[in-house]
Amino acid sequence: MRPENFKIMDNPQWQLSSKLPNVGNSIFAVMTQLANENNAINLSQGFPDFPISEKLISLVNKYMNMGYNQYSPMPGVLKLREVISEIVNKNYSAHYDPITEITITAGATQAIYTIISAIVRADDEVIIFEPAYDSYAPSVKVNGGLVKYATLKLPDFSIDWEKFPALISSNTRMIIINSPHNPSGTVLSHNDINQLIRITRNRDILILSDEVYEHLIFDGLMHESLCRYPELASKSFVVGSFGKTFHATGWKTGFVLAPANLTAELRKIHQFLVFSTNTPIQYAFAEFLEDEANYKHLPEFYQKKRDTFLKLIKTSRFKPLKCSGTYFLTLDYSDISDENEMDFAVRLTREHKIASIPFSAFYNKNNNNNLLRFCFAKTDGTLEKAAKILCKI
Ligand code: PMP
Ligand code: GLN
């Protein structure tokens, strides 16, 4: 019988050798927990604090009530893949076959891990631009790959294309790009795309293009999806997420566009990682996506939020960096403190009741540029409260 208050003990005989010895809890979990413990306004982890569409919720209900509650096909509900194919065709003039070239995933995070796991072999090298979203490097390392970091140039987080070729070797297997870019809010330009075409031409290098913020792009800029460029599309996995597009980060539904030969490899892993994802939600998204009014307003909607937040913090001592996309604004606090980013972010949360993400969390080595990332996917009321605090610091 199990004794009362039974406690699981570590077995001292067994020395666990971690596959990721230097990885702790994700900064998003850490800062959200700290925000909750301190009753602080949480502008750290990227998620909206306003409700999602009632219609979308009723569509999920509808499909649950209709009995769509069992496994979906392994690559995803066909109707959803067909709608995605039509939209990609319309937006980027690219044809992806819903049967062989589109796969529905449990959010972009699963998509990214699955792509890397399918492609990266032991000692393969993967080039990542940093600051970088936190899941890329661990996903490479746990699959035996080596990460090569290309550091973006401050203050505009541009790519140093002159230095870039030095990172390429005969072991380079993949380059990971992300535009619009988390955390900096910058976007790739047409020149960046031309450089990428030039550098990967006649080389055995694949690209993972993280485009989860494809609809969150401002000031009339065009999203440089790799889908637009046949030469790049033929060697790329393009990742999207409905978490961003429909304000539903907790629904964890995303997708991957890739040529049939790459998709076949992706699905070999996908089928054993999750097999398939939430069925009624896929049907709901398929119907919701049919009306483009449900997402076409997003650039304007989030640009307005960016501008509201910028206006509200105008008199503060925080200096905003340029934000052309995503729902993150970078603030430079060098006029306020010379504390390192993590210490300052923790102190802001505990003492001033406002949580952000220190930029150092997006670099592999200790790095301090006095920069914090703030999420502005919030109601105007939340942004006003947050700005009031920031203006007093
Ligand atoms: N890539 C980037 C750049 C992100 O910011 C995020 C999370 N917001 C993801 C991938 C993961 O998306 P998902 O929540 O769909 O897993
Ligand atoms: N992508 C979100 C961000 O950058 C968070 C995702 C997560 O919590 N893993 O804030």
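Residues numbered from 1 in each chain as written. Chains lettered and ligands numbered in written order. Predicted model: local features only at pLDDT ≥ 70, side-chain atom pairs only at ≥ 80, totals over all residues. Heavy atoms only, no water.

Trainee: Talk me through the site of ligand 2; I want residue IDs and the actual numbers.
Mentor: Taken together, F28, Q45, G46, Y133, N182, K244, F328 and R373 are the residues near ligand 2. Taking Q45, its side chain carries an N or O atom lying 2.6 Å from an oxygen atom of ligand 2. One nitrogen or oxygen atom from the side chain of R373 is found 2.6 Å from an oxygen atom belonging to ligand 2. Look at ligand 2: alone it shows 300 Å² of surface, and the protein chains cover 79% of it. One can see that ligand 2 is located within the second largest pocket. Here the shell around ligand 2 is built from residues that sort into three nonpolar, three polar and two charged. (Near = heavy atom within 4 Å. Polar contact = N/O pair within 3.5 Å; in protein donor to acceptor, adjacent residues only side chain to side chain. Areas by Shrake-Rupley, 256 points an atom, 1.4 Å probe, with all protein chains shown as cover. 1 Å grid on protein atoms, 1.4 Å probe; cavity = no way out; pocket = protein on both sides within 12 Å on 5 of 7 lines; lining within 4 Å. Sits in = over half its atoms within 2 Å of the grid points. Nonpolar A, V, L, I, M, F, W, Y, C, P; charged D, E, K, R; others polar.)

Trainee: With reference to specific residues and values, describe unusual backbone geometry.
Mentor: Between E130 and the following residue, P131, the backbone shows a cis peptide bond with an omega angle of 10°. Looking at the element boundaries, P131 is found in the loop between β3 (125-130) and α5 (136-142). Across the junction of S179 and P180, the peptide omega takes the value -15°, indicating a cis bond. One can find P180 in the loop between β5 (172-178) and α6 (190-200). (Helix = DSSP H or I, 4+ residues; strand = E, 2+ residues; numbered from the N terminus.)

Trainee: Quick one: what's the story with helix α2 (residues 54-65), residue by residue and with numbers?
Mentor: For α2, built from twelve residues, the straight-helix expectation of 16 Å at 1.5 Å per residue is met to within 8% by its first-to-last C-alpha distance of 16 Å. Buried-residue contacts for α2 involve α3 (78-92) and α10 (279-289). For α2, the side-chain oxygen to backbone nitrogen distance between the N-cap and K55 is 3.1 Å, and the N-cap itself is S53. G67 lies just past α2 and shows a positive phi near 95°. (Expected span 1.5 Å × (residues − 1). Contact = heavy atoms within 4.5 Å.)

Trainee: Tell me about the site of ligand 1, and name the residues and values.
Mentor: Near ligand 1 lie 14 residues; those nearest to it are T109, D210, Y213, S241 and K244. D210 places a polar side-chain atom, nitrogen or oxygen, 2.5 Å from a nitrogen atom of ligand 1. For ligand 1, whose unbound accessible area comes to 390 Å², protein coverage reaches 93%. Put simply, ligand 1 lies in the second largest pocket. The element that contributes the greatest number of residues to the shell around ligand 1 is helix α4 (residues 107-119), accounting for four residues. Residue composition of the shell around ligand 1, grouped by class: six nonpolar, five polar and three charged.

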